[in-house]
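# Structure at a glance
Residue-level listing of the chains:
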Amino acid sequence: FALVLLLTAECLRARRPRSFPPGPRAFPLVGNIEGAPVCFSSHSLVLCLWQLSEKYGKVYSLKMGPSWTVVLNGLSALQEGLTKGDHLNDRPEFPIHSDVLPDLGKDRFSIIFSNGHMWKQQRRFALFTLKYFGVGKKSLEFSILDEFMYISKEIANHKGKPFNPHLIMNNAVSNIICSLVFGHRFEYGNEKFLKMMKLFDKGSQIEASIWAQLYNAFPVLMRRLPGPHHALQNIYGEIMDLIKTEVNQHKEDWNPSEPRDFIDCYLNEIQKVDAGFNEDNLVMCGFDLFGAGSHTTSVTLRWALLYMTKYPEVQAKVQAEIDEVVGTSRQPSMEDRADLPYTDAVIHEIQRMGNIVPLSLPHVTTRDIRLGGYKIPKGVTIIPNLTSVLFDKNEWETPDAFNPGHFLNPEGKFVKRAAFIPFSAGKRVCLGENLARMELFLFFTSFMQRFSFSTPPGVEPVLKPRFGVTLSPPPFEICATPRKE
Ligand code: HEM
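Heads up: these notes are all about the structure in this document.

Reading the values: rules and limits
Residues numbered from 1 in each chain as written. Predicted model: local features only at pLDDT ≥ 70, side-chain atom pairs only at ≥ 80, totals over all residues. Heavy atoms only, no water. Helix = DSSP H or I, 4+ residues; strand = E, 2+ residues; numbered from the N terminus. Expected span 1.5 Å × (residues − 1). Contact = heavy atoms within 4.5 Å. Core = buried A, V, L, I, M, F, W, Y, C linked by side-chain atoms within 4.5 Å. Buried < 20%, exposed > 50% of the residue type's maximum accessible area, 1.4 Å probe, protein only. Axes fitted to C-alpha atoms, helices over the stretch in contact; angles between N-to-C directions. Left-handed = near helix turned anticlockwise from the far one by under 90°. Nonpolar A, V, L, I, M, F, W, Y, C, P; charged D, E, K, R; others polar. Parallel < 35°, antiparallel > 145°, perpendicular 65-115°, else oblique. Lys, Arg positive; Asp, Glu negative; His and termini not counted. Salt bridge = Lys/Arg side-chain N within 4 Å of Asp/Glu carboxyl O. Polar contact = N/O pair within 3.5 Å; in protein donor to acceptor, adjacent residues only side chain to side chain. Pairing = 2+ DSSP bridges.

### Observations concerning helix H7 (residues 138-157)
Taking 1.5 Å of rise per residue, 20 residues should cover 28 Å, and H7 covers 29 Å from first to last C-alpha, within 8% of that figure. Along its buried surface, H7 packs onto helix H8 (166-181), helix H18 (433-450), strand E9 (451-454) and strand E12 (479-482). Once H7 finishes, Lys159 follows within two positions and takes phi at roughly 50 degrees, a positive value.

Put into structure tokens, the structure is as follows:
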């Protein structure tokens, strides 16, 4: 009897609610089969979500596991959803976080997964503090250029022989976050630094795995099943402990009138009366800045090198522009950007084609809304399909080809494109956008100024992405030949 009752309830739930956006037929328990979103962790999910919009329109619905999800496709649907009003500002709950990590996540608030007042407060504080410590300013520019000198030595050590740039990029980008949050960089061989990066890598592998996706869809079942998802608690626990150690060290010689970094500023804030600021939330925010800020920029830089080996003529043109504007006797600076339109266009095109966060992060409706002419009730998960905008044939002249011309006018001047939204849009837009843009520009121009990159003899660059927490290049080796000093 219970089984019949359960199945009947499931059959009713599988029926698309009235006035809801259209979409493929949903089945009880499993949800949608057409287009195979069952295959949660494959690159084909991104492609199939995109293809479904050809059949069902820019706003369509899917049943993923037990719950309904609405997918927004194309620039106007994304703009309508994300930038008009505040009804899509919240994140849905991720059972893998709130359930598998009860000791870590409960009553602790950070930025990425918080909602309402706590989210606004932590986000506003993080944005202000990052700006205070130089995002968009000379001081941070110096840290990035300084870090480049370290990786440049590492790269030069390979003496033109093939090497995998993965670790080098991770090191460089993570050290920029370390400088901002901890107030210092680490030597690349530092045990604590290596451990933290390894833990983040492991954690993101599990987060992107089918286990985590299944957990978020069927928490009751997955809670009882053994699997690697249970390891997340220890992994994240260890990362939090490492961040806590830094916080404790800061407290020993902390001078409130001279904050050195994000941690010091947060400790100052804790002294004020607002209960939203406490040490648990400080650790969570540090965790978020590392989690969201290292992997993303490092993956983009790896795409950049790979695209340059695939298109050596583009690489040569970038180098010629840098040689002419910056020369070889000084390092590039942010002020050079306006005079390097081709290089800027190439960086934008790398981000467009790299499409590293193809489905953005999910949002959830905070009340009943109308979107694309449909009624969507409160509590429905919304996926902003960034891929549908970054590759839209109505927005880009040659959407599937690597073409820096997308960002250049006939006179060769850089042009902004509204459909360039790798950082998403609206109030939840990437908090690290300005930092990432600075890092990408300074690291990329420095690479191009000092080295020429190519694949090892006889090896063709492979541009097929791997689907994980981000779309990243498959592991590859590269040769870096030093250019004239
Ligand atoms: C959120 C992309 C680098 C911190 C996001 C989102 C995207 C994104 C698509 C989701 C926005 C939404 O929910 O609609 C990228 C890309 C990057 C990058 C493509 C690099 C190329 C960074 C960096 C930081 C960072 C360097 C570090 C400061 C964050 C945070 C959020 C976020 C904290 C959550 C914002 C919130 O929920 O309010 N990012 N990101 N990101 N990003 Fe980035």
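### Things to note about the nonpolar core
Residues Phe443 and Phe447 are the most contacted members of the largest nonpolar core, which totals 122 residues. No other element matches helix H14 (residues 279-310), which puts 15 residues into this core. Apart from the residues lying within four places of it in its own chain, the contact partners of Phe443 are Ile144, Glu147, Phe148, Ile151, Ala172, Val173, Ile176 and Leu301. Counting eleven residues, the second largest nonpolar core, distinct from the first, contains Tyr56, Tyr60, Val71 and Ile383.

### Some remarks on the packing of H8 against H14
As a packed pair, H8 and H14 sit with axes 8 Å apart at the nearest point and diverge in direction by 145 degrees. H8 and H14 meet at a crossing whose hand is right-handed. For the pair H8 and H14, contact is made by His166, Met169, Asn170, Val173, Ser174, Ile177, Cys178 and Val181 and by Gly286, Leu289, Phe290, Gly293, Ser294, Thr297, Ser298, Leu301, Arg302 and Leu305, respectively. Grouping the amino acids of the contact of H8 with H14 by side-chain chemistry returns nine nonpolar, eight polar and one charged.

### Some details on the packing of helix H15 (residues 312-325) against H18
At their nearest, the axes of H15 and H18 sit 9 Å apart, and the two run at 95 degrees to each other. The orientation of H15 with respect to H18, classified from their angle, is roughly perpendicular. Every residue of H18 that contacts H15 at Gln315, Val318, Gln319 and Ile322 is listed here: Phe444, Thr445, Met448 and Gln449. For the contact of H15 with H18, a count of residues per class yields four nonpolar, four polar and no charged.

### Section: helix H6 (residues 116-132)
Taking 1.5 Å per residue, 17 residues should reach 24 Å; H6 reaches 24 Å between its end C-alpha atoms and fits that length. Within H6 the residues assigned to the buried category are Met118, Trp119, Gln121, Gln122, Arg123, Phe125, Ala126, Thr129 and Leu130. In this fold, the buried residues of H6 make contact with H8, helix H13 (262-271) and H14. Just downstream of H6, Gly134 is the residue with a positive phi angle, here 115 degrees.

### Considerations on the side chain of Asp261
Position of Asp261 among the secondary structure elements: in the loop between helix H12 (232-252) and H13. No salt bridge is formed by the buried Asp261. Its closest oppositely charged neighbour is Arg260, at 4.8 Å. Within the structure, Asp261 has its side chain in polar contact with the side chain of His250 (distance 2.6 Å). Only 3.2 Å separates the side chain of Asp261 from the backbone nitrogen of Ile263, close enough to count as a polar contact. Excluding anything up to four places from it in sequence, Asp261 contacts Phe133, Ser179, Leu180, Val181, Phe182, Gly183 and His250.

### Some remarks on the pairing of strand E4 (residues 67-72)
Within E4, five of the six residues are buried, leaving the element largely enclosed by the surrounding structure. In the sheet, strand E3 (residues 59-64) pairs with E4 via six bridges, with the strands oriented antiparallel. What sits directly across from Tyr60, in E4, is Val71. Counting the residues in the hairpin turn of E3 and E4 gives two residues, including Gly65, whose phi is positive at 60 degrees. In this sheet, strand E8 (residues 381-384) lies alongside E4 in parallel orientation, the contact comprising four bridges. Each residue of the ladder has a partner; that of Leu72, found in E8, is Pro384.

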